[in-house]
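One-letter residues, chain by chain:
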Amino acid sequence: MSIFISSGEASGDHYTANLAKRLRAGGYSGDIWGMGGVESREAGIRVEWHGERLQLLGLTEVISAIPSIFALRNEMVERILTESPEAVIVCDSPDYHMRLISKLRSRGYRGRIFYISPPSVWAWRSGRANDLRRNVDECLPLFKFEHEYLLSRGCVSHWRGYPLAEEFRRLAAEPSPLDGSFDRERLVAFLPGSRRSEVTALLPMMREAAAVLAERGWQPVFSVAPGLNPAVRDGMIEKFTKDGVLFYDGPGHDLMAAARCAVGASGTITVESLLLGCYMVVTYKLNPISAFVARCVIKTPYYAMANILAGEEMFPELLQEKATVDNILGHTLEWLEGEGDFRAETEKTMRRARLTLGEEGVYDFWSKRIMEASARC
């Protein structure tokens, strides 16, 4: 008796690790194994493959990694078919996981398949909804509008709320681990991402902007993401220490909770910033080919999930050619040193956007659905 769980991104690793804990708390005694990261290991998942192997950014990076990804997928399929888990749970990394579950079904796997944080079919590649309907027993999306879209396309979908909302409400009631470490009145958080490619693209520009803010009396502090590749993480810490740059190597949300505002890579972190009420200047850079493809296929007016939830550009999006030091400084200083009316209106929009995030008890909800459905197999 076993359950297979697979995640690639740092955020997915967090979701699946917490799910595994709730499965155990709910009485599941079988083996829980698969692919994940540090949090998955700490949660007791038997990690056979490290999720970092899927942390690719952009078209050219994916193309160069195709042979190793194919080999990984084939190895994983064979193991799943051999061990025959009662359920397969995948999270994020749709380019990998959609092909994985398709191959499992074509090879005869008949156990239950769940998809946590399924592909953004509402934004691009809507045809994938047909594959979800055909191969996935239950989708467990993070946001209500995703759930409603999946239902409209005939997929089986269940939603309770956004899992981090509950966690952040609990964290808000606890003492901050940063108390006494930095000047909270002057702190500006810089979060260059949890992937090697993100750090490479964004860190030089962020450091230049941070230097200007420091000259104006603010206190820039850089996040070193716990989910980073260990070599990249160690290199960042060594460089920051040598250059006298302030940094924090714990969870990025700790830093944002203590900051006046943040400058960060687009991704899950924009919703974390929304939950914390921390204004964020969102920035991102892809290589030119990947950026061209993204512009051709993505159908949403906004890229940052926090802005999609708000229905407007609540947080400025500085993407590609807009991602410059001057633009970062302009938007950051507008929040830090600008008129109070702008901040008041933005805070009002943040409060409205947070109301879309649903109820608490999401991990228990997922665990119950998975255990009940698997028991019926």
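Residues numbered from 1 in each chain as written. Predicted model: local features only at pLDDT ≥ 70, side-chain atom pairs only at ≥ 80, totals over all residues. Heavy atoms only, no water.

Caption draft 1: Local environment of the pattern of salt bridges. The tally for this structure, following the rule as stated, stands at 22 salt bridges. Two residues, D364 and R22, come together in a salt bridge whose shortest N-O distance is 2.6 Å. Of this pair, D364 sits in helix α16 (residues 362–375) while R22 sits in helix α1 (residues 10–25), and the two are 342 residues apart along the sequence. A relative accessible area of 32% means that R22 is categorised as partly exposed. Here R186 and D183 are joined by a salt bridge, their closest N and O atoms 2.6 Å apart. Exposure remark for D183: the relative accessible area of 28% places this residue in the partly exposed category. One connected set of salt bridges, linked through shared partners, spans D31, R46, E48, R79 and E83. (Salt bridge = Lys/Arg side-chain N within 4 Å of Asp/Glu carboxyl O. Helix = DSSP H or I, 4+ residues; strand = E, 2+ residues; numbered from the N terminus. Buried < 20%, exposed > 50% of the residue type's maximum accessible area, 1.4 Å probe, protein only.)

Caption draft 2: Examining the sheet that holds strand β2 (residues 31–36) more closely. Judged by pairing direction, the sheet is parallel, and its six strands sit side by side in the order β3-β2-β1-β4-β5-β6 without closing on themselves. Each edge of the sheet is formed by a strand with only one pairing partner; in this case those strands are β3 (46–50) and β6 (138–140). Going across the sheet, the axis of each strand differs from the next one's by a mean of 15 degrees, ignoring polarity. The strands touched by helix α4 (residues 94–106) within the sheet are β1 (2–7), β2, β4 (87–91) and β5 (112–116), with β5 carrying the most contacts at an inclination of about 170 degrees. (Pairing = 2+ DSSP bridges. Axes fitted to C-alpha atoms, helices over the stretch in contact; angles between N-to-C directions. Contact = heavy atoms within 4.5 Å.)

Caption draft 3: Structural detail: the packing of aromatic side chains. Across all of its chains, the model carries 15 aromatic pairs by this definition. Ring geometry for Y279 and W335: centres 4.3 Å apart, planes at 5 degrees, overall stacked. Taken as a pair, Y279 in the loop between α11 (268–276) and β11 (280–284) and W335 in helix α14 (residues 325–337) lie far apart in primary sequence, 56 residues in all. Grouping residues by exposure puts Y279 and W335 together as buried. Ring centres of Y279 and F342 lie 5.9 Å apart, and the angle between their planes is 85 degrees; on these two criteria the pair is classed as edge-to-face. One end of the pair, Y279, is in the loop between α11 and β11; the other, F342, is in helix α15 (residues 340–354), with 63 residues separating them in the sequence. For F342, a relative accessible area of 27% puts it in the partly exposed group. Through pairs of rings, three or more aromatic residues link up here, namely W122, F143, F145 and Y162. One Lys or Arg, R73, reaches over the ring of F70 and ends 4.7 Å from the middle of that ring. Positioned over the ring face of W124 is R125, at 5.5 Å from the centre of the ring. (Phe/Tyr/Trp six-rings, centres within 6.5 Å; stacked < 30°, edge-to-face > 60°. Lys NZ or Arg CZ within 6 Å of the ring centre and 35° of its normal.)

Caption draft 4: Structural context of the environment of D183. Locating D183 in the fold gives a position in the loop between α7 (163–172) and β7 (187–191). Among the polar contacts listed, one links the side chain of D183 to the side chain of R186, at a separation of 2.6 Å. (Polar contact = N/O pair within 3.5 Å; in protein donor to acceptor, adjacent residues only side chain to side chain.)

Caption draft 5: Structural context of the pairing of β2. The buried fraction of β2 is high, at five of six residues. Note that β1 and β2 share five bridges and pair parallel. The residue of β2 that forms the bridge with F4 is W33. With α1 bridging β1 and its parallel neighbour β2, the resulting β-α-β unit is right-handed. Relative to β3, β2 runs parallel, the two being bridged by four bridges. The residue of β3 that forms the bridge with W33 is R46. (Right-handed = clockwise from strand over helix to strand, strands pointing away.)

Caption draft 6: Examining the nonpolar core more closely. Ranked by size, the top nonpolar core spans 95 residues in total, and within it Y162, F190 and W366 carry the most contacts. F190 has contacts with M206, A209, A210, L213, P220, V221, F222, S223 and V263, leaving out every residue within four places of it along the chain. (Core = buried A, V, L, I, M, F, W, Y, C linked by side-chain atoms within 4.5 Å.)

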